[in-house]
Amino acid sequence: MSATTTAWLVLAAAGVLEAVWAAALAAADNLRRLRPTVLFAVALAGSMAGLAFAMTVIPTGTAYAVWVGIGASLAVGWAMVTGAEPATRTRVLLLAGLVACVVGLKVVS
């Protein structure tokens, strides 16, 4: 596997971990609940390490935009699935647009 492919896979995993730490932070109740707080810390460290690794190959702006896009879309998607946020047609279309932009950044890289 090439270094570029590895960097993109690690970046995608780091984006997923971003959504995990965001959800864990919300569940941690101001860091008063132990398990979600530990999950938050571990996912945050893994997410940052993955982003840092990917940025050794992928340009910073692209890597950051993809990382944020993956994390944000998964975090909002999870909130919609769990009922914490409404899942309206407009919101789903906007998330689809965000995902399309992330894919587009990968395609033009």
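Residues numbered from 1 in each chain as written. Predicted model: local features only at pLDDT ≥ 70, side-chain atom pairs only at ≥ 80, totals over all residues. Heavy atoms only, no water.

Tallying secondary structure elements over the protein gives four helices and zero strands in all. For the protein, the succession of helices and strands along the chain, N to C, is α-α-α-α. Over its C-alpha atoms, taken along the principal directions, the protein stretches across nearly 40 × 35 × 20 Å. Counting all 109 residues of the protein, 28% fall into the buried class. (Helix = DSSP H or I, 4+ residues; strand = E, 2+ residues; numbered from the N terminus. Buried < 20%, exposed > 50% of the residue type's maximum accessible area, 1.4 Å probe, protein only.)

This part takes up the packing of aromatic side chains. By the definition in use, this model includes two aromatic pairs. Aromatic side chains W21 and F40 sit 6.0 Å apart centroid to centroid with 75° between the ring planes, which places their arrangement in the edge-to-face category. Separated by 19 residues along the polypeptide, W21 in helix α1 (residues 3-27) and F40 in helix α2 (residues 34-54) bring together distant segments of the chain. The class of W21 is buried, set by a relative accessible area of 18%. With a centroid separation of 5.7 Å and an interplanar angle of 35°, the aromatic rings of Y64 and W67 are classed as tilted. Of the two residues, Y64 and W67 are both situated in helix α3 (residues 60-82); the distance of three residues between them amounts to about one turn of the helix. Note on Y64: relative accessible area 47%, which makes it partly exposed. (Phe/Tyr/Trp six-rings, centres within 6.5 Å; stacked < 30°, edge-to-face > 60°.)

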